[in-house]
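One-letter residues, chain by chain:
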Amino acid sequence: MTKKITVLPGDGIGPEIIAEAVKVLAVITADMNLAMVFEDGLIGGAAYDVFGTPFPEQTIAQVQEADAILLGAVGGPKWESLDISVRPEKGLLGLRSTLGLFANLRPAVLYPQLEQASTLKPEVVSGLDLMIVRELTGGIYFGQPRGVRVLENGEKQGFNTLVYSESEIRRIAHSAFQIAQKRNRKVCSVDKANVLECTELWRQVVTEVGKSYPDVALSHMYVDNAAMQLVRAPKQFDVMVTSNMFGDILSDTAAMLTGSIGMLPSASLDANNKGMYEPIHGSAPDIAGQGIANPLATILSASMMLRYTFNETEAAERIEAAVHSALDAGFRTADIYSEGMHKVSTAQMGDAIVAALKG
Ligand code: IPM
Ligand code: MG
């Protein structure tokens, strides 16, 4: 049966990087006879401009019918003054929660060719290969009550709620342990159990789930220490599992270890491995429209889609190998450029991947 992929370019550099990922997917699917069709849709500011909402009914229907979703990025200064309920980011959060995409996989891999691009010393980051498993549909991002209220004395007070049920913690813990079983069999659970009751429960539940995985070594770390360890000695980690907000923050840090935030892909999976795939970076409005954004995180997200939702391991590996070849050949977008390399545009990087796939 033909697989249906909804493509949501979104805002800022979104359309530019998505075009390159679709280019790569078109080549690999044709070459390997994979029956896939691509259908564009609107999300974020692009959707707000047409429908007055960042996650319109039409897009909801599209993503519900799709087998997988490929997304660029959302947000930008144009929509920053809108009410928070209709800001572009709400579209992305709505998509994650509507589809129940609770398991967010963010692999931070340093390509050996990019050791010089990282701001950390090569000996600290060389060979880095870690996986952040971020809970994506709960925690403080979605907790109720939330808002800004006016106190009796007339002062405003903002409030959000950090909330996790045992079942939410349990299922993300299972995801993390199962991923670790296919890697180096180490899980580090990140919390703030010394201060927050909610994450004390997190630690208890993760520990309990860990008993069903005797082949995986479980450790726990407070989030402040984890942030420090990520820049001090990142290679100590294999799989890190953490809550929605901590995962948001730690994955940006992990991205920089790999040379550029433009290198990190992600997969957001539901209980049946239906998934949404997007780079972890944002819409980068400062460089949008210039054709200089790095499309590799999005191209690698497309590769994750082939691997996790469609079980097309060979196709996924071929894309990853093509990324290696393009980097070996010296192609670099501005964010990963270093002296002596060949600086290319967004589209030229996409072409280099296509050429490597065909070569
Ligand atoms: C991410 C982004 C999003 C998040 C924003 C755009 C809502 O930062 O995917 O990491 O906070 O989850
Ligand atoms: Mg983020």
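Refer to the structure presented above.
Caption draft 1: Representation of the site of ligand 1. Contacts to ligand 1 come from E89, L92, R96, R106, R134, Y141 and D248. Within the contact set of ligand 1, an oxygen atom lies 2.9 Å away from a side-chain nitrogen or oxygen of D248. No other element matches helix α4 (residues 88–98), which puts 3 residues into the shell around ligand 1. Counted by class, the shell around ligand 1 contains 2 nonpolar, no polar and 5 charged residues.

Caption draft 2: Structural view of the state of the cysteines. Summed over the entire model, instances satisfying the criterion amount to 0 disulfides. Between C188, a cysteine without a disulfide, and C198, which holds the nearest cysteine sulfur, the sulfur-to-sulfur distance is 18 Å. On the basis of relative accessibility, which here comes to 4%, the residue C188 falls in the buried class. By relative accessible area, C198 is classed as buried at 13%.

Caption draft 3: Fine view of the sheet that holds strand β1 (residues 3–10). Taken in spatial order, the 10 strands of this open sheet run β2-β1-β3-β12-β11-β4-β5-β10-β8-β9, and their pairing is mixed. At either end of the open sheet lies a strand with only one pairing partner, and these are β2 (36–40) and β9 (217–222). Sheet twist, expressed as the average angle between the axes of neighbouring strands with direction ignored, equals 25°. Both strand β4 (residues 103–109) and strand β5 (residues 129–135) contribute to a ladder of 7 bridges, which runs antiparallel. The residue of β5 that forms the bridge with A108 is L130. Of the strands in this sheet, β1, β2 and β3 (68–73) are in contact with helix α1 (residues 14–31), which crosses β3 at around 145°. This element, helix α3 (residues 57–65), spans β1, β2 and β3 of the sheet and lies at about 140° to β1.

Rules of the game
- Residues numbered from 1 in each chain as written.
- Chains lettered and ligands numbered in written order.
- Predicted model: local features only at pLDDT ≥ 70, side-chain atom pairs only at ≥ 80, totals over all residues.
- Heavy atoms only, no water.
- Near = heavy atom within 4 Å.
- Polar contact = N/O pair within 3.5 Å; in protein donor to acceptor, adjacent residues only side chain to side chain.
- Helix = DSSP H or I, 4+ residues; strand = E, 2+ residues; numbered from the N terminus.
- Nonpolar A, V, L, I, M, F, W, Y, C, P; charged D, E, K, R; others polar.
- Disulfide = S-S within 2.5 Å.
- Buried < 20%, exposed > 50% of the residue type's maximum accessible area, 1.4 Å probe, protein only.
- Pairing = 2+ DSSP bridges.
- Axes fitted to C-alpha atoms, helices over the stretch in contact; angles between N-to-C directions.
- Contact = heavy atoms within 4.5 Å.

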